[in-house]
Amino acid sequence: MSQVFAFAIGISQTNSNNEVLECLFPMPFLNPTHAILEAAKQVDHGPQQVDPRVVATLNAGADNQLVPERLLQADKPLTVIRLDEDTDITSTAEAYLKLQLLSHRLSRPNTLNLDGIFGHLPNLAWTSQGAMDLEALATARIDARVRGDHLEVSSVDKFPK
C-alpha cells in the first residue's frame, strides 16, 4: 500500500445490538502524509474497533496529531477507519467519515463518492441526549422523565443537523 485516501480515529455510538448508529471523527484526514500516513499504515483497511491504549501508541508515533487528548481517555473502544480509495460506501463508519470530510471542508462538495450512503445510514432520532435508535426512543423518554430530565427530539432522519 503506497497511498491512503482517508484516515480517521473517533468514537462511535452503537445500539443494543452493537450496530453503529453514528460516528464522530474530530480530526479526519484526506490524503494524509508523513506521520499520519505512517500511523494509517499500521491499521487494516476499513473500520475497526481499537482499544484507546493502541490509539495512544499510534498518536504518540504521529507526534500527537491524530486525535484530541480527551478522546484517549475513553472507556470504550475507539473507531479507526482507513480508506485506501474513494469507493462506494460500505459501512456506517465510512459514511460518517465522508460526511465529516465535507463538514471539515477537507473535500469540496460533489467530489467524494457517496454511492451507497443511504443504505448505510440508519434512521435515527436526533435528541438532546444524542443520536438514538428509534426502537429505544420510547424507553429513553420514560427513563429521562424518571430522572427528572427532558428528552427533546429535534428530528428523525438519516442525517444529523
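Scroll up a little and you will see the structure.
Residues numbered from 1 in each chain as written. Predicted model: local features only at pLDDT ≥ 70, side-chain atom pairs only at ≥ 80, totals over all residues. Heavy atoms only, no water.

### A word on the overall build of the protein chain
- From N to C terminus, the protein chain includes five helices and eight strands.
- Scaling as 2.2 N^0.38, a compact globule of 161 residues should have a C-alpha radius of gyration of about 15 Å, and the protein chain matches this with 17 Å.
- Principal-axis analysis of the C-alpha atoms places the extent of the protein chain at approximately 50 × 35 × 25 Å.
- Counting only residues that meet the buried cut, the protein chain has 42% of its 161 residues in that class.
- In the protein chain, once contacts between residues fewer than 6 apart in sequence are set aside, the share between residues at least 24 apart is 67%.
- Looking at charge distribution, the protein chain has the averaged site of its 13 positive side-chain charges lying 6 Å from that of its 20 negative ones. (Helix = DSSP H or I, 4+ residues; strand = E, 2+ residues; numbered from the N terminus. Rg over C-alpha atoms; globule rule 2.2 N^0.38 Å. Buried < 20%, exposed > 50% of the residue type's maximum accessible area, 1.4 Å probe, protein only. Contact = heavy atoms within 4.5 Å. Lys, Arg positive; Asp, Glu negative; His and termini not counted. Charge placed at Lys NZ, Arg CZ, Asp CG, Glu CD.)

### What to know about the environment of Asp84
- Secondary-structure assignment places Asp84 in the loop between β5 (78-83) and α3 (92-103).
- Under the relative-accessibility criterion, Asp84 is labelled partly exposed at 23%.
- Residues Asp84 and Pro68 lie 16 residues apart in sequence; the distance between their C-alpha atoms is 23 Å.
- At 2.8 Å, the side chain of Asp84 and the side chain of Arg82 are in polar contact. (Polar contact = N/O pair within 3.5 Å; in protein donor to acceptor, adjacent residues only side chain to side chain.)

### Quick notes on the packing of aromatic side chains
- By the definition in use, this model includes one aromatic pair.
- Taking the centre distance of 5.7 Å and the plane angle of 80° together, the rings of Phe118 and Phe159 count as edge-to-face. Of this pair, Phe118 sits in helix α4 (residues 117-120) while Phe159 sits in the segment after β8 (153-157), placing them 41 residues apart in sequence. (Phe/Tyr/Trp six-rings, centres within 6.5 Å; stacked < 30°, edge-to-face > 60°.)

### Some thoughts on α3
- Counted at 1.5 Å a residue, the expected span for α3 with its twelve residues is 16 Å, and the 16 Å between its end C-alpha atoms agrees.
- Counting buried residues along α3, ten of its twelve residues qualify, which places the element largely inside the surrounding structure.
- Those residues of α3 lying buried are Thr92, Ala93, Glu94, Ala95, Tyr96, Leu97, Lys98, Leu99, Gln100 and Leu101.
- Following α3 by one or two positions, Arg105 adopts a phi angle in the positive range, close to 60°. (Expected span 1.5 Å × (residues − 1).)

### A look at unusual backbone geometry
- The phi dihedral of His34 is positive, around 50°, even though this residue is not glycine.
- Inspection of the secondary structure assignment puts His34 in helix α1 (residues 34-40).
- Overall, the relative accessible area of 69% leaves His34 in the exposed class.

### So, the pairing of β5
- Where burial is concerned, most of β5 is hidden: six out of the six residues are buried.
- Alternating residues of β5 divide into Leu78, Val80 and Arg82 and Thr79, Ile81 and Leu83, and every residue in both groups is buried.
- Bridge analysis of strand β1 (residues 6-14) against β5 gives five bridges, and the strand direction is antiparallel. For Ala8, the partnering residue across the bridge sits in β5 and is Ile81. (Pairing = 2+ DSSP bridges.)

### Structural notes on the sheet that holds strand β6 (residues 124-127)
- Read from one edge of the open sheet, three strands run β7-β6-β8, paired in antiparallel fashion. The two strands at the open ends of the sheet, each matched to only one other strand, are β7 (130-133) and β8. Shown here is a sheet whose adjacent strand axes are inclined to one another by a mean of 25°, direction ignored.
- Pairing of β6 with β7 involves four bridges; the strand directions are antiparallel. (Axes fitted to C-alpha atoms, helices over the stretch in contact; angles between N-to-C directions.)

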